[in-house]
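Structural characterization, general
Residues per chain, in single letters:
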Amino acid sequence: MPPCPVRRATLVLALAAACGAASAQTAPATPGWPSKPLKIVVGFPGGSSPDLVARTLAEPLAKALGQPVIVENKVGAGGNIAADAVARATDDHTIGVMINGNMTIAKLINPKVSYDPLKDLAPISLVGTAPLALAAPANAPGATAQEFLAAARSAGDQWSYGTPGVGTVAHIGMELLKGQTGMQPVHVPYPSNPQVINAIIGGQIQLALLPPAMAAAQARAGKLRVIGVTSSSRSTLVPEYPSLAEAGVKDFNLEIWNAVAGPRVLPAPVVARLSALFSEIARSPDVRAKLFQQGWQVTGTTAEGLARRIQSDAQLLGGVIKARGITAE
């Protein structure tokens, strides 16, 4: 499996952000569109992170388009039901806010998924990214991240790690981390991250990759310990914690993200206009602050920037899936 392209990805995202700024100033005209309310489909329940992102974007988008923007929750299958609904839409007024798994590896994890994210979705804009936080029990061994990782290697398969399910980015990311550190903890899937956190606090598992804000809140309460974050450098979301790169895990950069996509049949001028608008909206001071509070570092790329990120992540995570034989249960 090829190494994670940290420098290349950084340059790509920087270029995409710069292109997004230029595009937002010259959003292409789309005569006659929109002719009715726009629908944003979300694959997770109200109050979830993707739902909050969608509702944060919906109001300024409605103002920009002069049409109502409706958020519709289609819950199930880790967001894939909603993604499939977007992929099948033919009304030119349906888009979706999705997580990276829905847009990169859904078909690799489960060949029965009815849509192909790389073929059936039109990338519009990468909205926000966040690293994951490597969490452990509060009394975990080692005074430093390096010492903790050494203890994890020594423990072999006597340690276990928890995730919110098979095929999640937390699961694939931990398998990637295992390959780069020599750790061998056993995977234990749970229904959701709150159960994973409870298992760490209770000592049933020794490791987990968690959303940074969630992990940091528990760490500040003294209930668990954050070893480091999976970005190539410290994250502005939780700057008090080192990156795993600082702990000696070279070329390790793993992020969760959310993005806007439409069906592949969405007309190119509509995609271009939405891409420019979402890039501008996400990076506006008010929306940027709201997304940061929700745990996201705003990116706001063009459609081309998101397409490159999809290809990069699909290659990285897909390599782990194939090497480890990970499939949906």
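Please refer to the structure higher up on the page.
A few points on the structure.

Calculation notes
Residues numbered from 1 in each chain as written. Predicted model: local features only at pLDDT ≥ 70, side-chain atom pairs only at ≥ 80, totals over all residues. Heavy atoms only, no water. Helix = DSSP H or I, 4+ residues; strand = E, 2+ residues; numbered from the N terminus. Contact = heavy atoms within 4.5 Å. Pairing = 2+ DSSP bridges. Buried < 20%, exposed > 50% of the residue type's maximum accessible area, 1.4 Å probe, protein only. Arc of directions from axis to C-beta. Axes fitted to C-alpha atoms, helices over the stretch in contact; angles between N-to-C directions. Phe/Tyr/Trp six-rings, centres within 6.5 Å; stacked < 30°, edge-to-face > 60°.

Turning next to the environment of Gln218. With respect to the helices, strands and loops of the structure, Gln218 is situated in helix 10 (residues 212–220). Between the C-alpha atom of Gln218 and that of Gly248, which follows or precedes it by 30 residues, the distance is 25 Å. Discounting chain neighbours no more than four positions away, the residues touching Gln218 are Ile197, Ile201, Lys223 and Leu224.

Taken in spatial order, the six strands make up an open sheet running 2-1-3-10-4-11, and their pairing is mixed. Looking at the sheet topology across the chains shown, the edges are occupied by strand 2 (69–73) and strand 11 (297–298). As paired elements, strand 4 (residues 121–131) and strand 10 (residues 255–263) share nine bridges and run antiparallel to each other. Note on strand 10: the bridge partner recorded for Thr129 is Trp257.

When helix 7 (residues 145–155) is considered as a whole, its buried residues turn out to be Ala145, Phe148, Leu149, Ala152 and Ala155. Within helix 7, the buried residues cover an arc of 120° as seen down the axis, which keeps them to one side. Buried positions along helix 7 lie against strand 5 (133–137), strand 8 (207–210) and strand 9 (224–229). Of the residues one or two after helix 7, Gly156 is the one with positive phi, at around 55°.

Now for the sheet that holds strand 7 (residues 186–189). Within the open sheet, the five strands sit side by side as 7-6-8-5-9. Their pairing is mixed. Looking at strand neighbours, the two that pair on one side only are strand 7 and strand 9, the edges of this open sheet. Strand-to-strand, the axes of this sheet are offset by a mean angle of 30°, without reference to chain direction. Contacting strand 5, strand 8 and strand 9, helix 7 crosses the sheet at an angle of about 100° to strand 9. Contacts between helix 10 and the sheet are confined to strand 5, strand 8 and strand 9, with strand 9 contributing the most and set at about 140° to the helix.

This model, assessed by the stated rule, comprises one aromatic pair. Here Phe148 and Trp159 contribute two aromatic rings whose centre-to-centre distance is 5.6 Å and whose plane-to-plane angle is 40°, an arrangement assigned as tilted. Of this pair, Phe148 sits in helix 7 while Trp159 sits in the loop between helix 7 and strand 6 (160–163), placing them eleven residues apart in sequence. Assigned by exposure class, Phe148 and Trp159 land together as buried.

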